[in-house]
Every structure is written in C-alpha cells, then in structure tokens.
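# Report on the structure
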Amino acid sequence: MSRTSTPQDAAPDEAPKADSPLVHGLKQRHLSMIALGGVIGAGLFVGSGAGIAAAGPSIVLAYAISGALVMLVMRMLGEMSAANPASGSFSVHAERAIGPWAGFTAGWGFWFLLCVAVGLEGIGAAKIMVGWFPDSPEWAWVALFMLVFCGANLTAVKNFGEFEFWFAALKVGAITLFLGIGVLAILGILPGSDTSAPGLENLTGEGGFMPNGTDGLIIGLLASVFAYGGLETVTIAAAESENPVKSVAKAVRTAMWRIAVFYVGSMLVVVTLLPWDNKEVVAKGPYVATLDHLGIPGAGEIMNVIVLVALLSAMNANIYGASRMSYSLIERGQGPKALGKVSGGVPRLAVLASSVFGFVCVLLSYWRPDDVFPWLLNMIGAMILMVWIFIAVSQLILRRRTEREAPEKLVIKMWAFPFLTWVALAAMAYVFYLMTDQPDTRKQLLATGGLTLALAVIGIVRQKVAEKRAAAV
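We now turn to the structure provided with this report. (Residues numbered from 1 in each chain as written. Predicted model: local features only at pLDDT ≥ 70, side-chain atom pairs only at ≥ 80, totals over all residues. Heavy atoms only, no water.)

### A closer look at the state of the cysteines
This model, assessed by the stated rule, comprises zero disulfides. Not part of a disulfide, Cys 115 finds its nearest cysteine sulfur in Cys 361, a span of 7.0 Å. By relative accessible area, which is 1% here, Cys 115 ends up buried. Cysteine Cys 150 shares no disulfide, and the gap to the nearest cysteine sulfur, in Cys 115, comes to 11 Å. Since its relative accessible area comes to 8%, Cys 150 is described here as buried. (Disulfide = S-S within 2.5 Å. Buried < 20%, exposed > 50% of the residue type's maximum accessible area, 1.4 Å probe, protein only.)

Structure (structure tokens):
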C-alpha cells in the first residue's frame, strides 16, 4: 500500500529523545538478562515434553531448525531497533516501512497476545501454589500475582528490570546446571550416580532418530517455533535503557546463540539420557523426568520452583511489554488518548489497562471455559508468527531506505541481505502451510487470521480517515 504522510507518521521516524516522558532506567545487565531469560519459560520446562513424544529424538532437529529461524528474525529486528530504538519496536518499524495500518495491526495484535498470555501464566503459577497449599483458592493466587507485578510495573522501570534480572538469572542458572549435570551423566562420570553412559542407544533405538517419521517432526517443529516467542521484549525494553543503540546491539548479538544452546542443548541431553517414549517425559516434564532418572533428590519440587519462577517472570515481562506497546500506539495516535498519560516516567494507565485485561482473561477461564476462553487461546495461537512476518517485510523495506538516507545507523546488519530475509519469509510461509495440515493448529490459524484481518481493516480505515483529514488541511 502506498504511503501518504500524516501527522501520526512523524514519531516513528525519530529515535527517542532525551526529554522523552519515558525514563531511560534500564541498565545493560538488565537488557542482557531480559534477552536471555525472555524465552526460557514453562513452554520449555514442561511443554517440550509433548514435542518429544511426537518427534522422538528428532526434536533436537526441530528445535535447531526453528532456532535458526528465530535467529534470523532477531537479527532483522535487531538491525531495525538499533537504527531506530522505540518502545513500540516492530510496530513502529512496520508503520515506517509499510504504513500506519501495519503498525496498528502488528502492535495491537501483539498487545492482545501478551495480555492473554499474562492470564495463562497467572493460572499456571496459581496451580503450582495450590499444589503446595491445597486449601487455598486458585483465583486468589492469580489476583496476588497480578497485584504484585502490576504494582512493580507502576513504579520506576528499573524495578521491572531488577525483577527480570533476578528471575532470568535463576532460570539461566537452572538451565546451565541441568546441561552440566546432563553432560556428566552422558559421559558416565556424574558423581554419586549409578547411571551408566547411555551412548547412542536412546538416539537410534526405539524406532530410530525419527520414529514417527516426518509427521512427528512437523508436530515437534510447530511446538518449537512457538516456544521461542518472547525475545521481542528486549527490543521494546531497549528504548528505556541508558544507551538504546548500544544496548539492543549487544543484547541481540549475545542472546541468539546462547538461547539456541539452551534449547537445542537441553533437548539433546533429555533424548540422549531417556528413551523418547518414556511416559514420564510428558507426565512430569522432560527436566523432572531426566533428573528423577539420574536419582537427583527432590527433582520434582526443584523444577516446580523453577517453573513457578519462569511463569512469574513471563507475567512481569508481558505486563511490561503490553503496556509499552499500547503506550507507543497511543502516542502515535492509534489508541485511546486517555491511556497515554505518563507519570513518574511510567505509562501507568497503560499498565493498569493491560493488567486488567489479563485478569479478565483469567476470569473468562472460570466463567466460560468451554467457548470464550478457548476462542481467545486460538486467536493468539499463530500471532507471534504474524508479528515475525511484519518484522521481515519491514526489514526488507527499511534496510534499503536506511542504506540510502543514514547508513551510519546500521550498527547491526542482517546476514546475507536480502537472501536470508527471503529465506526466513519462505520458512514462515511453510510453517503456516504445515499448520493447515493439523486439526488443532488449523483452528489457531483461522482464529489468528480472523483477528489479524479485523485489525488490518480497522487500521486501513483509520489510515484513510487520517489521510483525508491531512489532505483537507
């Protein structure tokens, strides 16, 4: 679609100013840990078990393929965010590259995704607490967590940074320790363990490396693609760091390969030490099942604590991300102005609105568990993939523009541009195709497509109205 300059288009072309109402209170250590810990969540600690059950040892290949795609997406996003840091991240880039309607669609779609995710994470964390305190009501724990993290995000941004720093440090430490224990066990030198070195038995036995064929690999691939969602938050947070350009560049460069090691390495350890069809891998989660197999005492409770931390960390990060995305949209004239007020360097009304919407999603899980709530979940099913497509298309356009107008801003450059950008787009299109072949993911694709189409129509109408008003002046 052709662009016509409108008043709301001015902001996206500018980097954050020193007098921005948002406070630049995040330090480099905050950004580095947000980048590392942002995608290490319950989906990896627990949900990956279903992927292993479907793909067998080839889950390692599935995570490697999807990890490579995520690296390409983050490199593209890092290039644009280092050149033009903004709290709206990819929404701002989409608006600059494609038009206001694209920024509107990507931004509000992502906001919706994060708010529903906040509710899901709150429910998951509450279930763990109820397991420890059986007589306590689940909704009360959700309300408590919402109040804590809403309160943390209502205060200075450095409080969000500190929460995420320590949460992420614990998650990264747990993964690193698990990998260390796993490698020692694979070599047969784990102190105090009677487990012998497994060799290649679990990788090649029980049906081979790909026991369920390409169908199993595809299911594992789809599960792994969406497990990586969450890295985008670091480019949103970078706009509030002490040095946005330097911070986003360093965070993106260091995070990508480390996260690949955590994900792919973890899966390799699990399927090497345990038969892929071990029922405990799904029942307990791959990490607990592996630690139990090695005779690590209290493995289940240890991982419950880690999963709880992962869920709470995700709640904190998603409230932050949702509030900053909505604030950026409002600041660009694409949302209700009443929520755009900033006080104390924090968009507090946007934080409250995002938290309330998340809590409403929780209530719907109790009130309408059979219709409305599943519908919400399906609508966010493929939203992260839609966001990645906006990122790739925006990078194709903005890279050429930046090379012409301000090449010095290209602190990070996409590898082998434009070839790898097109490869990433083709891979995303192929993932969409694969989703049409599975009943569950087909429903998600249709619901997400409906939400995206609705947002795009609203965005286009708003853009046309803004253009007519500008032409009439």
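Moving on from the coordinates now.
### Some words on the layout of surface pockets
Roughly 1500 Å³ of internal volume is contained in the largest pocket. Lining the largest pocket are 49 residues, with Gly 43, Leu 120, Phe 226, Ala 227 and Ile 380 sitting closest to its centre. Residue assignment for the lining of the largest pocket shows that the elements contributing at least two residues are α1 (28-37), α2 (42-55), α5 (100-132), α7 (157-187), α9 (213-227), α14 (299-331), α16 (372-379) and α19 (439-472). Each residue belonging to the lining of the largest pocket can be placed in one class, and the counts come to 26 nonpolar, 18 polar and five charged. (1 Å grid on protein atoms, 1.4 Å probe; cavity = no way out; pocket = protein on both sides within 12 Å on 5 of 7 lines; lining within 4 Å. Points joined across faces, edges and corners; volume = space filled by probe spheres on them. Helix = DSSP H or I, 4+ residues; strand = E, 2+ residues; numbered from the N terminus. Nonpolar A, V, L, I, M, F, W, Y, C, P; charged D, E, K, R; others polar.)

### Some remarks on the side chain of Thr 441
Following the sequence through the fold, Thr 441 ends up in helix α19. Using a relative accessible area of 12% as the deciding quantity, one classes Thr 441 as buried. Excluding residues that lie within four positions of it along the chain, Thr 441 makes contacts with Leu 222, Leu 434 and Met 435. (Contact = heavy atoms within 4.5 Å.)

### Describing the packing of aromatic side chains
Counted by the stated rule, this structure contains 14 aromatic pairs. Between Phe 90 and Phe 110 the ring centres are 4.8 Å apart and the planes differ by 90 degrees, which places this aromatic pair in the edge-to-face class. Residue Phe 90 is found in helix α4 (residues 90-97), and its partner Phe 110 is found in helix α5; the two are separated by 20 residues along the sequence. Each member of the pair Phe 90 and Phe 110 is classed as buried. Of the aromatic side chains, those joined through ring pairs into one cluster are Trp 108, Trp 111, Phe 112 and Phe 357. (Phe/Tyr/Trp six-rings, centres within 6.5 Å; stacked < 30°, edge-to-face > 60°.)

### Quick look at the packing of α9 against helix α18 (residues 419-435)
In the contact formed by α9 and α18, the axes pass within 11 Å of each other and the chain directions differ by 120 degrees. Considering the angle they form, α9 stands oblique to α18. Crossing of α9 against α18: the hand is left-handed. On α18, the residues touching Ile 218, Leu 221, Leu 222, Val 225 and Phe 226 of α9 are Val 431, Leu 434 and Met 435. Tallied by class, the residues present in the contact of α9 with α18 amount to eight nonpolar, no polar and no charged. (Axes fitted to C-alpha atoms, helices over the stretch in contact; angles between N-to-C directions. Parallel < 35°, antiparallel > 145°, perpendicular 65-115°, else oblique. Left-handed = near helix turned anticlockwise from the far one by under 90°.)

### With respect to the pattern of salt bridges
Here the structure, examined in full by the defined rule, presents seven salt bridges. With its nearest N and O atoms 2.5 Å apart, the salt bridge here joins Glu 95 to Arg 332. Separated by 237 residues along the polypeptide, Glu 95 in helix α4 and Arg 332 in the loop between α14 and α15 (348-367) bring together distant segments of the chain. In this structure Arg 332 comes out as buried when scored by relative accessible area, which is 3%. Taking the shortest distance from any N to any O, the salt bridge between Glu 280 and Lys 284 comes out at 3.6 Å. With a relative accessible area of 33%, Glu 280 lands in the partly exposed category. Residue classification places Lys 284 among the partly exposed positions, given a relative accessible area of 38%. The structure contains a network of salt bridges with shared partners spanning Glu 79, Arg 399, Arg 400 and Glu 403. (Salt bridge = Lys/Arg side-chain N within 4 Å of Asp/Glu carboxyl O.)

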